[in-house]
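Chain by chain, the residues run as shown.
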Amino acid sequence: AEVLHSMLRAAARGCSVLQRRACSTTSLNTHLGIDRTLSGSPVELRPGFARVSMTTTPTMSADGRGLTHGGFYFGLADYAAMCAVNDPNVVLGSAEARFLKPVKCGDSLTAEAKVSGEKGKKRVVDVTVTRGDEVVFAGNFVCFSGAPCARLSSHISAFLDVSVWYTVVCTSLALLCFGCGVKAVVWGLGEACVRQLRPVGLECV
């Protein structure tokens with residue numbers, strides 16, 4: 001029995017290692033064009049979670065003492081939140097930020113982001129930024145994911161389909177009337193007919 005238990009524990013550890021490796025190689029789907037020297041680089045990704053690391057540089061310095069401007073590690077936290085959601089269309093809606101410790105140029109920072117709430121397209125992400133064992137930043141980010149313009153795009157496509165048929169009908173009627181030497185009378189469509197047909201010298205009333 002003890003041998004069996006040992007084998008099961010070893011198998012469980014092996015599965016855990018494989019799961020971590022699979023998670024760490026999850027593909028990134030968002031913010032693909034971002035400058036990682038300013039926002040950090042993802043080191044672990046899995047559904048609803050991201051870990052991003054960054055080393056601050058002299059270009060991030062806010063003064064002669066080498067203190068890093070808070071906007072840079074806020075950006076690190078923001079990027080980690082986006083990675084945790086990992087949707088191509090994710091955007092930041094709002095954030096609550098707490099800057100807990102000063103950061104200097106050359107510090108190695110790690111941001112861990114975890115999705116803590118989800119409702120429709122809304123995602124709430126909790127983020128902490130650490131320097132070693134110290135927490136230097138903590139924040140709560142409200143993000144929105146998905147394609148917000150999908151419904152509008154479908155309406156526009158439907159409208160364009162109708163407009164194409166409308167233009168064809170108006171043009172056909174006008175050409176027919178023009179060939180007969182009379183004016184086209186299209187009730188309720190006169191103005192659109194004028195816009196469509198004026199360039200070719202036809203007239204609708």
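Look above for the structure.
Everything in this summary refers to the structure shown in the same document. (Residues numbered from 1 in each chain as written. Predicted model: local features only at pLDDT ≥ 70, side-chain atom pairs only at ≥ 80, totals over all residues. Heavy atoms only, no water.)

### Some remarks on the overall build of the chain
Test applied: Helix and strand definitions here come from DSSP, where helices need a minimum of 4 consecutive H or I residues and strands a minimum of 2 consecutive E residues; each element is numbered from the N-terminal end. Think of it in three bands: residues with accessible area under 20% of the maximum for their type are buried, residues over 50% are exposed, and the middle band is partly exposed, with areas taken using a 1.4 Å probe on protein chains only. Whether two residues are in contact is decided by their heavy atoms: any pair within 4.5 Å suffices. Using a 1.4 Å probe, accessible areas were evaluated by the Shrake-Rupley method; residue-level cover was limited to the displayed protein chains.
Scanning the chain from N- to C-terminus turns up 5 helices and 6 strands. Written out in order from the N terminus, the α and β elements of the chain read α-α-β-β-α-β-β-β-β-α-α. Here the chain holds 205 residues, and the buried ones make up 30% of them. A sequence separation of at least 24 residues applies to 58% of the contacts in the chain between residues at least 6 apart. When the accessible surface of the chain is split by element, carbon and sulfur atoms take 61% of a total near 12,800 Å².

### Focus on the side chain of Asp-107
Cut-off, in case you're wondering: Polar contacts here mean pairs of N or O atoms no more than 3.5 Å apart (in protein, one a potential hydrogen donor and the other a potential acceptor; neighbouring residues in sequence count only if both atoms are side-chain atoms).
Relative to the helices and strands, Asp-107 is located in the loop between β3 (91-99) and β4 (108-119). On the basis of relative accessibility, which here comes to 17%, the residue Asp-107 falls in the buried class. A polar side-chain atom of Asp-107 sits 2.8 Å from the main-chain amide nitrogen of Lys-104. Sequence-distant contacts of Asp-107, defined by excluding residues within four places in its chain, comprise Met-54, Thr-55, Thr-56 and Arg-131.

### What about the pairing of strand β1 (residues 41-46)?
The test is simple: We treat two strands as partners when DSSP finds at least two bridges between them.
Pairing of β1 with strand β2 (residues 49-55) involves 5 bridges; the strand directions are antiparallel. The partner of Pro-42 across the bridge, within β2, is Val-52. In this structure, the hairpin formed by β1 and β2 is closed by a connection of 2 residues, where Gly-48 is found at a positive phi of approximately 80°.

### Points about the environment of Val-136
Looking at the element boundaries, Val-136 is found in strand β6 (residues 134-144). Residue class for Val-136 comes out buried when judged on its relative accessible area of 0%. Considering only alpha carbons, one finds Val-136 and Tyr-73, 63 residues apart in sequence, at a separation of 9.1 Å. Beyond its immediate chain neighbours, meaning those up to four positions away, Val-136 contacts Tyr-73, Arg-98, Phe-99, Leu-100, Lys-101, Val-103, Leu-109, Val-129, Thr-130 and Arg-131.

### Regarding the packing of aromatic side chains
The line we're drawing: Centre distance within 6.5 Å is the pairing criterion for rings of Phe, Tyr and Trp, where only the six-membered ring of Trp is used; planes under 30 degrees apart are then read as stacked, over 60 as edge-to-face, and the remainder as tilted. Geometrically, a lysine NZ or arginine CZ counts as sitting over a ring once it is within 6 Å of the ring centre and also within 35 degrees of the ring normal.
Under the defined criterion, the tally for this structure stands at 4 aromatic pairs. Ring centres of Tyr-73 and Phe-99 lie 5.6 Å apart, and the angle between their planes is 70°; on these two criteria the pair is classed as edge-to-face. In this pair, Tyr-73 sits in helix α3 (residues 70-85) while Phe-99 sits in strand β3, placing the two residues 26 residues apart along the sequence. For Tyr-73, a relative accessible area of 5% gives the class buried. Geometrically, the ring pair formed by Phe-74 and Phe-137 is edge-to-face, given 6.1 Å between the ring centres and 80° between the ring planes. Linking Phe-74 in helix α3 with Phe-137 in strand β6, this pair joins segments that are 63 residues apart in sequence. Here Phe-74 falls in the partly exposed class, since its relative accessible area comes to 25%. Taken together through their ring pairs, the aromatic side chains of Tyr-73, Phe-74, Phe-99, Phe-137 and Phe-141 make up a single cluster. Across from the ring centre of Phe-49, 4.1 Å away, lies the NZ or CZ of Arg-46, which sits over that ring.

### Some words on the nonpolar core
Here is the rule we go by: In this description, a nonpolar core means a group of buried Ala, Val, Leu, Ile, Met, Phe, Trp, Tyr and Cys residues linked to one another through side-chain atoms lying within 4.5 Å.
With 28 residues, the main nonpolar core has Leu-109, Val-125, Val-127, Val-129, Phe-141 and Cys-143 as its most contacted residues. Counting residues per element, the ones that place at least two in this core are β2, α3, β4, β5 (122-131) and β6. No other element matches α3, which puts 10 residues into this core. With residues near it in sequence (within four places) discarded, Phe-141 still touches Phe-74, Ala-77, Asp-78, Ala-81, Leu-92, Ser-94, Ala-95, Arg-123, Val-124, Val-125 and Val-127.

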